[in-house]
Amino acid sequence: MYGEIEMGEGTHGGWAMMPRPNRRLTALAREVARCALPLLPEGAGLFMGLETDAAGAIHLLWWRSDDFAKVAEISASPAGFCAVDTEEGALQEAAAELLEYLAGRWPSPPAGFGVITDGAGVAFAPDHPAPSASGWLLRQATGSAPLLAIVALDPSGPCALLAQRRESSLH
């Protein structure tokens with residue numbers, strides 16, 4: 001989608017950033033992170049995936065950062081979203097808006113795609129866009145399908161193991 005991602009000027013705290021900032025996308029991502037924060041208890045070591053499918057349903061997924069185990073999932077079509085005045089409903093609405101806008105960035109959007117958030121930032125993997133796909137987290141952790149941050153995730157937060165590492169050698 002965006003070509004090769006390289007460490008360097010376009011990084012922030014180990015996260016490869018979008019090559020061309022987009023104000024609307026950034027604002028939507030910040031709103032998603034803000035809405036997700038209350039659903040990520042401090043000190044719990046959790047982060048979330050927000051994904052949509054071909055039918056337009058929104059899936060909220062929670063993973064533990066220490067072993068990448070999925071601990072919870074909520075799925076709903078827009079008609080079945082929680083009330084907007086609840087934390088889940090506000091996040092479902094914000095996620096739907098972000099993912100709809102993000103879909104327009106692909107020439108042909110994938111059937112299922114999404115982002116992850118730690119409540120501070122939002123990132124996605126253009127080449128492997130579905131966070132719920134088998135092996136997705138392992139591909140991110142090993143760097144074989146690096147994340148692209150819309151808003152940088154917390155470099156010391158629950159997604160720290162997914163940050164890109166600079167190449168180094170021992171002498």
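Just so we're clear, the structure is a prediction, and the values are computed from it rather than from any experiment.

Draft legend 1. Main features of the overall build of the chain. The helix and strand inventory of the chain stands at three helices and eight strands. Walking the chain from its N terminus toward its C terminus, one meets helices and strands in the order β-β-α-β-β-β-α-β-β-α-β. In the chain, buried positions account for 43% of the 171 residues. Relative to all contacts within the chain whose residues are 6 or more apart in sequence, the contacts with residues 24 or more apart total 54%.

Draft legend 2. Main features of the nonpolar core. Within the largest apolar cluster, 32 residues are counted, with the highest numbers of intra-cluster contacts made by Met-48, Leu-50, Leu-91, Leu-98, Leu-102, Val-115 and Val-122. Broken down by secondary-structure element, the contributors of at least two residues to this core are α1 (23–36), β3 (46–52), β4 (58–64), α2 (87–103), β6 (113–117), β7 (122–124) and β8 (148–151). Those residues in contact with Leu-102 that lie beyond four places of it in its chain are Leu-25, Phe-113, Val-115 and Phe-124. Formed by 13 residues, the second largest nonpolar core is a distinct cluster that contains Leu-61, Ala-123, Ala-125 and Leu-162.

Draft legend 3. Representation of the pairing of β3. Within β3, seven of the seven residues are buried, which leaves it mostly tucked inside the rest of the structure. Residues Leu-46, Met-48, Leu-50 and Thr-52 point to one face of β3 and Phe-47, Gly-49 and Glu-51 to the other, with burial holding for every one of them. Two successive antiparallel strands, β3 and β4, enclose a turn made up of five residues, where Gly-56 displays a positive phi of approximately 90 degrees. Sheet topology note: the β3/β6 ladder contains five bridges and is antiparallel.

Draft legend 4. Expanded view of the pairing of β4. Of all seven residues making up β4, six are buried, and the element is well covered by its neighbours. Note: β3 against β4, seven bridges, orientation antiparallel. By the bridge assignment, Met-48 is partnered in β4 with Trp-62. In this sheet, strand β5 (residues 70–76) lies alongside β4 in antiparallel orientation, the contact comprising six bridges.

Draft legend 5. The arrangement of α2 in detail. Under the 1.5 Å per step criterion, the end-to-end length of α2 is 24 Å for 17 residues, consistent within 8% with the ideal 24 Å. Among the residues of α2, those classed as buried are Gly-89, Leu-91, Gln-92, Ala-94, Ala-95, Leu-98, Leu-99, Leu-102 and Ala-103.

Draft legend 6. Representation of the pattern of salt bridges in the model. According to the stated counting rule, one finds five salt bridges in the structure shown. With a closest N to O distance of 2.6 Å, Arg-34 and Glu-31 form a salt bridge. Linking Arg-34 with Glu-31, this pair stays in helix α1, spanning three residues, or about one helical turn. Residue classification places Arg-34 among the exposed residues on the basis of a relative accessible area of 52%. A salt bridge links Arg-64 to Asp-67, with the nearest nitrogen and oxygen atoms 2.7 Å apart. The exposure class assigned to Asp-67 is partly exposed, which follows from its relative accessible area of 43%. A network of salt bridges, in which partner residues are shared, links Arg-64, Asp-66 and Asp-67.

Conventions and cut-offs
Residues numbered from 1 in each chain as written. Predicted model: local features only at pLDDT ≥ 70, side-chain atom pairs only at ≥ 80, totals over all residues. Heavy atoms only, no water. Helix = DSSP H or I, 4+ residues; strand = E, 2+ residues; numbered from the N terminus. Buried < 20%, exposed > 50% of the residue type's maximum accessible area, 1.4 Å probe, protein only. Contact = heavy atoms within 4.5 Å. Core = buried A, V, L, I, M, F, W, Y, C linked by side-chain atoms within 4.5 Å. Pairing = 2+ DSSP bridges. Expected span 1.5 Å × (residues − 1). Salt bridge = Lys/Arg side-chain N within 4 Å of Asp/Glu carboxyl O.

Nothing here speaks to function; it is geometry throughout.
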